[in-house]
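Residue-level structure breakdown
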Amino acid sequence: MAFGWIDEQAEARRRAGLVRTLRPRPAESALLDLASNDYLGLAHHPEVTEGAVRAARTWGGGSTGSRLVTGTTELHTELERELAAFCGFEAALVFSSGYAANLAAVTTLGPHGSLIVSDAGNHASLIDGCRLARGERQVVGHADPEAVRKALATHQGPAIAVSDTVFSVDGDRAPLAGLAEACREHGAGLVVDDAHGLGVLGDGGRGAPYAAGLSGAEDVVVTATLSKSLGSQGGVVLGPARVIDHLVNAARTFIFDTGLAPAAAGAALAALRLLVREPERAARARAVAADLHARLTAAGLEAVRPDAAVVSVRAPSPEQAVRWAADCRTAGLAVGCFRPPSVPDGISRLRLTARADLSGAEIERAVRVIGETRP
């Protein structure tokens, strides 16, 4: 029977407690949200939603084509210019998603004959970029510049190291300065995904590369998403102008994909301008994360110390993690539930996102619910 093997895999997932289901959410909910990536609380901010509405009314519901045909509007170029200036890079290129941005950066900068050194804890989009690239791949230990240095020493020719700046599972921060040093010793480029750093780390939320003193470097390329701190949708690659020009001419997820919808570009631009005006939102997100961690550990829970806005709480097993998250939801709290294969170490977790707009009372309520529902 066609696709008969799907039933076997479905049963294997069921036995392992790894079945995933879609759960549509209503526009309004009484749940306290610690599951989304809306770190700065901007997804529903009036200025951000108005930016989306205004862009849709001006440019229409869609961009109407690929970026190289009709999909680039004046709004897209305005967003790119302001993103590059904010993050301290020479140029920027906006994509339809952060996933597409990562595929573009890794595949175009890791051609045949090159070496791609990838952190073992990288996000799936970076991993897929490495798989699709024509260069040789080496996966090295998590957050280990010395392992990157040793891998680069085995190769003669073009090379890049690829890493998240803040890892999405535990929220730990990559040693960017050490990675850059290892790359420079071997003439390699550094490509980092700042999806969880933009808007949270660095001066006024300018990102982890900015905080590490790497902004504007000729050998550093940064990707990011517009769907987390900026409360919109889409992705961006930032770097030297010649690298961005190369992506325009070589990146398949740019050339053959419809451009980002104007509403998303408008919302992201409005959020970026709001962050420039209110830089304290970044520090507030970090403070909420630290407060969550302190209260969770004081309650006897095993929580990982956050370097940005992600707080991870270990669960005994995949099945218990699912039940724990469901019990939290029943008690009025939405939390993320990370299980294999989403976690590189096989340890299931509740994943909490600290939002800049959370109050002290909401933080206290979240910790109480998590403690009361623990397995």
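Note that the structure is a prediction, hence the values are computed from the model and not measured. (Residues numbered from 1 in each chain as written. Predicted model: local features only at pLDDT ≥ 70, side-chain atom pairs only at ≥ 80, totals over all residues. Heavy atoms only, no water.)

Considerations on the environment of V322
The test is simple: The helix count covers DSSP runs of H or I at least four residues long, the strand count covers runs of E at least two residues long, and both are numbered beginning at the N terminus. Buried means the residue's accessible area, taken with a 1.4 Å probe over protein chains only, is under 20% of the maximum for its type, while exposed means over 50%, and partly exposed covers the values in between. Residues are treated as being in contact if the distance between any of their heavy atoms lies within 4.5 Å.
Residue placement: V322 occurs in helix α13 (residues 318-330). Among the residues examined, V322 registers a relative accessible area of 33% and is labelled partly exposed. Separated by 250 residues in the primary sequence, V322 and T72 have C-alpha atoms spaced 42 Å apart. Beyond its immediate sequence surroundings of up to four residues, V322 is in contact with G17, C337 and R339.

A few points about the sheet that holds strand β1 (residues 32-34)
In plain terms, the rule: When DSSP finds two or more bridges between two strands, those strands count as paired. Note on geometry: axes are C-alpha line fits, over the in-contact stretch for helices, and angles between N-to-C directions span 0 to 180 degrees.
Sheet architecture is open: 5 strands sit in the order β1-β11-β12-β10-β9, paired in mixed fashion. Whereas interior strands pair on both sides, the edge strands pair on one side only; in this sheet they are β1 and β9 (303-304). With 3 bridges joining them, β1 and strand β11 (residues 333-338) adopt parallel strand pairing. In the strand pairing of β11, D33 is matched with A334. Set on the sheet, helix α12 (residues 280-298) makes contact with β1, β9, β10 (310-314) and β12 (349-353); between it and β10 the angle comes to about 15°. Contacts between helix α14 (residues 360-373) and the sheet are confined to β1, β11 and β12, with β1 contributing the most and set at about 80° to the helix.

Some words on the pairing of strand β2 (residues 91-95)
Burial of β2 is extensive: 5 of the 5 residues sit out of reach of the surface. Neither face of β2 is left uncovered, since the one carrying A91, L93 and F95 and the one carrying A92 and V94 both have all their residues buried. Two elements, β2 and strand β8 (residues 235-239), share 5 bridges in a ladder whose sense is antiparallel. Looking at β8, one finds that F95 is bridged to G235.

A closer look at the UniProt feature "domain: Aminotransferase class I/classII large" (unreviewed entry) in the protein
What counts, and what does not: UniProt positions are given in the numbering used here, feature names are shortened, and annotations may be inferred rather than shown by experiment.
What UniProt calls "domain: Aminotransferase class I/classII large" (unreviewed entry) maps, in this numbering, to residues 31-370. For residues 31-370, helix accounts for 43% and strand for 17%, while the C-alpha atoms at its two ends are 14 Å apart.

Structural notes on the sheet that holds strand β6 (residues 189-193)
The sheet built from 7 strands is open, its strands ordered β2-β8-β7-β6-β5-β3-β4 with mixed pairing. On the outer flanks of this sheet lie β2 and β4 (136-140), each paired with one strand and no other. For this sheet, the mean angle separating the axes of adjacent strands, direction not counted, is 20°. Bridge analysis of strand β7 (residues 220-225) against β8 gives 4 bridges, and the strand direction is antiparallel. Each bridged residue has a counterpart across the sheet, and for T225 the counterpart in β8 is G235. Packing against the sheet, helix α6 (residues 145-153) makes contact with β3 (115-119), β4 and β5 (159-164), and its axis sits at approximately 165° to β3. Its contacts with the sheet place helix α9 (residues 241-250) against β2, β7 and β8, and it is angled at close to 30° to β2.

Section: the packing of aromatic side chains
To keep it simple, the criterion reads: Side-chain rings of Phe, Tyr and Trp (the six-membered ring for Trp) are treated as a pair once their centres are within 6.5 Å; stacked means planes under 30 degrees apart, edge-to-face means over 60, and tilted covers the remaining angles.
Scanning the entire structure with this criterion turns up 1 aromatic pair. On the numbers, 5.7 Å between centres and 70° between planes, the contact of F95 with F254 is edge-to-face. With F95 in strand β2 and F254 in helix α10 (residues 252-255), the pair connects residues that are 159 residues apart, well separated along the chain.

Structural notes on the pattern of salt bridges
Here is the rule: Salt bridges are identified by distance alone: a Lys or Arg side-chain nitrogen within 4 Å of an Asp or Glu carboxyl oxygen.
As enumerated under the stated definition, the model contains 18 salt bridges in all. One salt bridge connects D128 with R131, and the closest N-O pair in it is separated by 3.4 Å. Of the two residues, D128 and R131 are both situated in helix α5 (residues 124-132); the distance of 3 residues between them amounts to about one turn of the helix. Relative accessible area serves as the criterion here: at 22%, D128 is assigned to the partly exposed category. Residue R131 is classed as exposed on the basis of its relative accessible area of 56%. The salt bridge partner of D327 is R323, with a shortest N-O separation of 3.5 Å. Separated by 4 residues within a single helix, D327 and R323 lie in helix α13, roughly one turn from each other. What makes D327 partly exposed here is its relative accessible area of 27%. For R323, a relative accessible area of 52% corresponds to the exposed category. Taken together, the shared-partner salt bridges in this structure form one network comprising E11, R14 and R15.

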